[in-house]
Amino acid sequence: MVQRRKKVIIIGGGLAGLSAAMKLCERNADVVIVSFQNLKRSHSVCAQGGINAAVDAKNEGDTPEKHFYDTIKGGDFLAHQPLVRDMCHQAPAIIHLLDRIGVAFNRNEEGRLAFRRFGGTLYSRTAFAGATTGQQLVYSLDEQVRRYEHDGMVERLEWHEYLSAVIDDQGVCRGAVLQDLRTNKIFTVKGDVVILATGGPGQVYVRSTNSVVNTGAAATTAYLQGAKYGNGEFIQIHPTAIPGQDKLRLMSESARGEGGRVWVPRKAGDTRNPLKIPEAERYYFLEENYPLYGNLVPRDVASREIYEIVYNKSMGVGGEPMVYLDLTHKSEEYLQDRLGGILDIYRKFTGDDPKKIPMRIFPAVHYSMGGLWTDYERDSAGFIDHGSPRNQSTSIPGLYAAGEADYQYHGANRLGANSLLSCIYTGLMMSRAVINFSDNLNKSYEDVPSTVFEQAESQWVSRFKEIKQMDGSENPYQLHKDLGDVMMAGALIVRDNSTLEKTVASVKDIETRFKDVKCVDTNNWANPVPSFINQLHCMIELSKIITKGALLRDEFRGAHYKPEFDLQQPKNFDPYEYIDYLERKKNGEEVSIYPEGHLEYMERFEANNKKWLKSTIAEYKDNEPAISYEDIDTSILTPRPRKYD
Amino acid sequence: MNARKSVRLTVKRQSAPAAEPYWESFDIPWKPRANIISCLQDIQCRPVTAEGKDVNPIAWDCNCLEEVCGSCTMVINGKVRQACTALIDQLELPIYLEPMTKFPTQRDLQVDRSRIFENLKKVKAWVPIDGSHDQGEGPVISDQTRAQRYVLSECMSCGCCLEACPQFSLDNKFMGAATFSQVRLFNLHPTGAMHTEERLEAVMGEGGITDCGNAQVCVEVCPKNIPLTESIADIGRQTTLQTIKNIFQK
Ligand SMILES: Cc1cc2nc3c(=O)[nH]c(=O)nc-3n(C[C@H](O)[C@H](O)[C@H](O)COP(=O)(O)OP(=O)(O)OC[C@H]3O[C@@H](n4cnc5c(N)ncnc54)[C@H](O)[C@@H]3O)c2cc1C
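Along each chain, numbering runs from 1 in the same order as the chain's sequence is written. All chains are assigned letters beginning with A, and all ligands numbers beginning with 1, in the order in which they are written. Reporting of local features is limited, given that this is a predicted model, to residues whose pLDDT is at least 70; pairs of side-chain atoms are given and counted only at 80 or more, and all residues count toward the totals for whole chains, interfaces and linings. Side-chain numbers here rest on the full set of heavy atoms in the structure, without hydrogens or water.

1. Things to note about empty space enclosed by the protein
All names here are of chain B. The condition is simple: Only protein atoms enter the 1 Å grid used here. Points where a 1.4 Å probe fits but cannot escape make up a cavity, open sets with protein on both sides within 12 Å along at least five of seven lines make up a pocket, and a residue lines them when an atom lies within 4 Å of a point. Grid points are joined across faces, edges and corners, and a volume is the space filled by probe spheres set on the points. We count a stretch as a helix when DSSP gives it H or I for four or more residues in a row; a strand needs E for two or more, and each element gets its number in order from the N terminus. Put simply, Ala, Val, Leu, Ile, Met, Phe, Trp, Tyr, Cys and Pro go in the nonpolar bin, Asp, Glu, Lys and Arg in the charged bin, and everything else, Gly too, in the polar bin.
Under the counting rule described, the total for this entry stands at ten cavities of 30 Å³ or more. When its volume is computed, the second largest cavity comes out at roughly 120 Å³. Along the wall of the second largest cavity there are 16 residues; nearest its centre are C155, C158, G159, C161 and C222. A total of three residues in the lining of the second largest cavity trace back to one element, the largest contributor, which is helix α4 (residues 160–164). The class makeup of the residues in the lining of the second largest cavity is twelve nonpolar, two polar and two charged.

What follows is the structure, given as structure tokens:
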């Protein structure tokens, strides 16, 4: 057993990395935290709407169990249930912790936390700090980490890039290869554990709601080094974003949580000013089609409905692929207080004031449910064993993952305001796993031959040298844009196999063109180009995981919509019939008692789940993702058909 | 609405901290809804100057592209601001881009703003909690106090206020409005207030609040409309009281 303070290298200073750093310092570890930019500028600052916890502040009867049920159902039953349950039960304590560290959460009359509604639930479960919740959470956690830095327990390596893990002959991760983004020097750091809290991969699609550094390169490198990657094809498309040249900025779900209504003119091609269109001539399609959840159906459902309206029905505003998101029926004061931040963004980037005129929005790539495969351990009672070193460990011992970079909390579709929760939950929860893993190591990194580190370093030094010598005819930034176009065209909201086959081939073409890239800057100081070329390589590998996973998965689940495999749920179907059906089947009772078509549907559903209710696992073999499927733990809630109307 | 066919960007460049700066111009095809970022991205895809010379793409910092991370701060047509919210159609042509001048230039439009974060450490800009384990609900705070804190807490450490401040320079120790405003933020929190004295002491020394020349430009350039001059006045009052308290306690 190692008899000194544990040394943990955390890559990423978003919510997952910061919470892990804070908790590990509390547990007396020495922490090195690495990030492209100042931690305070991490992507998590983009989160607008809020963070979920079933505190039941409005006395609506909400409970962590209901939060658990909504999350599992929202994710179309593909998430690991014991973990999600644990997360939902920890959520209220997490919110109170965040409140204690000074997050400026909105409050009620009594000075306690206020909550709002979000998609996929009927309860007011979302705590929020104006319309910049993510920013406020990052700042407060960054401040706690700064406090430990002040006390000498944290070393910040900002302006550094993680290139790969250092893996010894036993296959154990012993540290990380980093690059100083100013001096461009490549070096290794040794540690007991490396945590990848490196966020999502939105840049694979180029224009998304994600930040510029979200290339997914760190997680992909882990995959290239042998780690398993899970559920890659599950990419969330957010229904409401603002079109832009450089980015598709998000219009948060909180706009709908605060009463925003989505509509298009009933008459296609109606060119009137939206304010002049009378109520009766507006088609509030979400409210009409989903009377129970209305504008707050889960994201996959809303994105598909908008797609249907603008493409299949050609009813987009002004003939363009856009719909209205309307808040003009609310008072300006109310909107400023509750949504000021995001409405300002809309105004700043479009010139229109959403308090006065309905916004024009369209779906955009937003979040990856998939990520690095991570483990966990449940005890005999089915609860998470928080001391187990397996929790949040990737398939490479000593390499852990947390936050958007992991894969098992959101199933096939994430509910709004659940990501900030899963980031902070994983960051905090994994600390004991990390410490116990380090304790159990029979050999410390000090005893690992120095050649292991030297080799890892020199491998990357030569890789970057090779990149700098690339002198072909392809501009890497243009090639990235082309990759984005390929992915947007083939692996978005509606998927079909013939298009996906073409997309797989087009990604291959991009891969071939990559060999002909020109390194457009060969300086040795603060040169971003070689790094970007390496990241582009990773994005191409990740596109292969996404497209191949999507091609092979012949079903419709959550964000992965293949119309060809839609099981055609009968209109008047009640999901509880399915529970009843399973019960009857088990007891050997008569099952032909259901309304016409229902039994056949339930049989289709059952057969489909048997085949596809599994995690997709990608492993890097012969330059390709080898895809296999793994069972998931559905021991608490019986998987059943989803329904939101 | 816009007859512009192309947009000229004139950029101040520098290959390393000690290198001589120089200017280069680029012509970029006009596009609807373009901003400075999308133009810089277009240059990345085709790094050729207006004179047709192949050059290195421009190095600049950016991340969120929606004005919440503070990364892409630079001087655009003489005004310090974020590049993401600088829409081309709202700017006068040609557009001049320069790095901030109050922080050491690293390369092209990239500067090193670590000083801002060092100052946050000096003033203990955090709430000193006892531990992150579950200790129940946080303190009761009125929504008015929350609203007051929220505005201050939107500070992205972008450095606009420091760039504009006549008192803040590359080679002095002045902390500047952003730091003073954070002192106010944490002194307003019931638990944060437990460190009030230490925070005030930190801004009473060299580079502290008394060095503020009251030019009031900080508040004009703040992209988040943070009431910085109010913060300065408030911290001025708090430190005066602290001085008096110190006299009586000694
Ligand atoms: C516009 C928008 C709004 C959102 N709103 C909400 C919301 O309201 N509620 C909600 O629950 N979720 C929301 N989400 C989702 C949520 O914000 C993200 O999933 C979450 O913040 C991810 O946090 P993270 O800690 O995993 O990673 P990130 O915050 O992405 O941080 C990743 C970190 O890793 C670093 N990094 C990555 N790769 C490397 C490398 N190779 N070397 C060095 N450093 C590296 C980065 O610099 C960064 O510090 C939103 C997302 C977007 C895009």
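2. Some points on the environment of R116 of chain A
All names here are of chain A. Quick note on the threshold: We call a residue buried when its accessible area falls under 20% of the maximum for its residue type, exposed when it is over 50%, and partly exposed in between, using a 1.4 Å probe and counting protein chains only. Any pair of residues with heavy atoms lying within 4.5 Å of one another is described as a contacting pair. Contacts described as polar in this section are N or O atom pairs within 3.5 Å, which, within protein, must combine one atom able to donate a hydrogen with one able to accept it, while residues neighboring in sequence count only if both atoms come from side chains.
Mapped onto the elements of the fold, R116 is located in strand β4 (residues 115–117). On the accessibility criterion, R116 (2% relative accessible area) is buried. Separated by 58 residues in sequence, R116 and K58 place their C-alpha atoms 9.5 Å apart. Dropping the residues within four chain positions of it, R116 is found in contact with G49, Y123, S124, R125, T126, F128, G130, S254, E258, R338 and L339. Separated by 2.9 Å, the side chain of R116 and the backbone oxygen of G49 make a polar contact.

3. Some remarks on the site of the ligand
All names here are of chain A. Rules: Put simply, a residue is near a molecule or strand once any heavy atom of it comes within 4 Å of that molecule or strand. Accessible areas in this description were obtained via Shrake-Rupley with a 1.4 Å probe; residue shielding takes into account the shown protein chains only.
Taken together, 39 residues lie around the ligand, and S42, S44, E404, S419 and L420 are the ones closest in. L420 has a polar backbone atom sitting 2.7 Å from an oxygen atom of the ligand. Protein chains bury 99% of the 1000 Å² of accessible surface belonging to the ligand in isolation. Elements with a minimum of two residues in the shell around the ligand: α1 (15–26), β2 (30–35), β7 (160–167), β17 (359–368) and α10 (419–440). Its residues assigned to classes, the shell around the ligand comprises 15 nonpolar, 21 polar and three charged.

4. Details of the domain arrangement of chain A
What counts here: Where each domain begins and ends follows an automated or database-derived domain assignment.
Domain boundaries in chain A define domain 1 (7–234 + 369–452), domain 2 (238–363), domain 3 (470–552) and domain 4 (567–631). Computed over C-alpha atoms, the centres of domain 2 of chain A and domain 4 of chain A are 34 Å apart.

5. Things to note about the sheet that holds strand β16 (residues 323–326) of chain A
Residues and elements named next belong to chain A. As a reminder of what qualifies: For two strands to be treated as a pair, DSSP must find at least two bridges joining them.
Overall, antiparallel pairing links the six strands, which are arranged β13-β12-β17-β16-β14-β15 in an open sheet. In the strand order of this sheet, the two ends are held by β13 (249–250) and β15 (282–283), each with one partner. Bridging between strand β12 (residues 235–242) and β13 involves two bridges; their strand directions are antiparallel. In the sheet register, A241 faces β13, and the bridge partner there is L250.

6. With respect to the interface of chain B and chain A
Applied cut-off: Accessible area, probed at 1.4 Å, shrinks when two parts are joined; the buried area is that loss added up over both. Salt bridge criterion: a side-chain nitrogen from Lys or Arg within 4 Å of a carboxyl oxygen from Asp or Glu.
Contacts between the two partners involve 75 residues from chain B, matched on the other side by 70 residues from chain A. Summing both partners gives a buried area of about 6100 Å² for chain B against chain A, and 50% of it is carried by carbon and sulfur. One can count eight salt bridges joining chain B with chain A. Among the ionic pairs, E137 of chain B bridges to R112 of chain A, the shortest N-O distance being 3.0 Å.

7. Some words on unusual backbone geometry
Residue and element names in this part refer to chain B. Cis rather than trans, the peptide bond between L93 and P94 has omega equal to -10°. Topologically, P94 is positioned in the loop between β4 (79–82) and β5 (95–98). Look at L65: it is not a glycine, yet its phi comes out positive at around 60°. As for its placement among the helices and strands, L65 is situated in the loop between α1 (36–45) and β3 (73–76). Using a relative accessible area of 3% as the deciding quantity, one classes L65 as buried.

8. Details of the sheet that holds strand β21 (residues 624–631) of chain A
Pairing is antiparallel in the open sheet, where four strands are placed in the order β18-β11-β20-β21 (chain A). The open sheet is flanked by β18 (371–372) and β21 of chain A, the only strands paired with a single partner.

9. Let's talk about the nonpolar core
Selection criterion: Buried residues of nine kinds, namely Ala, Val, Leu, Ile, Met, Phe, Trp, Tyr and Cys, make up a nonpolar core once their side-chain atoms join them within 4.5 Å.
In this structure, I51, L98, F105 and I195 of chain A are the most contacted members of the largest nonpolar core, which totals 121 residues. If near-sequence neighbours (up to four positions away) are discounted, I195 of chain A is found in contact with V8, I9, I10, I11, A20, L24, Y400, M430 and V434 of chain A. Formed by 61 residues, the second largest nonpolar core is a distinct cluster that contains L325 of chain A together with L9, I28 and I95 of chain B.

10. Describing the packing of aromatic side chains
All names here are of chain A. Operational definition: Put simply, two rings from Phe, Tyr or Trp (the six-membered ring, in Trp's case) pair if the centres are within 6.5 Å, and we call them stacked under 30 degrees between planes, edge-to-face over 60, tilted for the rest. Remark: a charge is flagged as sitting over a ring if the NZ atom of Lys or the CZ atom of Arg is within 6 Å of the ring centre and within 35 degrees of the ring normal.
Evaluation of the coordinates by the stated rule reveals 20 aromatic pairs over all chains. Between F573 and Y601 the ring centres are 4.9 Å apart and the planes differ by 75°, which places this aromatic pair in the edge-to-face class. One end of the pair, F573, is in the loop between α14 (529–552) and α15 (575–586); the other, Y601, is in helix α16 (residues 598–612), and 28 residues separate them in sequence. Each member of the pair, F573 together with Y601, is buried. Centre to centre, the rings of W612 and Y629 are 5.4 Å apart; their planes meet at 85°, and the pair counts as edge-to-face. Residue W612 is located in helix α16, and its partner Y629 is located in strand β21; the two are separated by 17 residues in the primary sequence. Accessibility expressed as a relative area gives 7% for W612, which makes it buried. Joined through ring pairs, the aromatic side chains of F573, Y578, Y581, Y601 and F605 make up one cluster. The cationic tip of R182 hangs over the ring face of W159; the distance from NZ or CZ to the ring centre is 4.4 Å. For the cation-ring pair, R414 lies above Y367, with the distance from its terminal atom to the ring centre recorded as 4.1 Å.

11. Looking at the domain arrangement of chain B
In many analyses, interface size is given as the accessible surface area lost on bringing the parts together. All names here are of chain B. Split into domains, chain B comes out as domain 1 (6–111) and domain 2 (114–248). Between domain 1 and domain 2, the contact holds 14 residues from the first and 14 residues from the second. Across the domain 1/domain 2 interface, buried area totals approximately 1200 Å², and carbon plus sulfur atoms make up 60% of it. The largest per-residue losses of area from domain 1 upon contact with domain 2 belong to V80, K102 and F103, which jointly make up 50% of the total buried on that side. For the pair domain 1 and domain 2, the interface holds one salt bridge. The shortest N-O distance in the salt bridge between E67 and K224 comes to 3.3 Å. The interface formed by domain 1 and domain 2 holds five residue pairs in polar contact (both at pLDDT 80 or more) in total. The dominant element in the side of domain 1 that touches domain 2, judged by the number of residues it contributes, is β4, at three residues. Of the residues assigned to the side of domain 1 that touches domain 2, the class counts are seven nonpolar, four polar and three charged.

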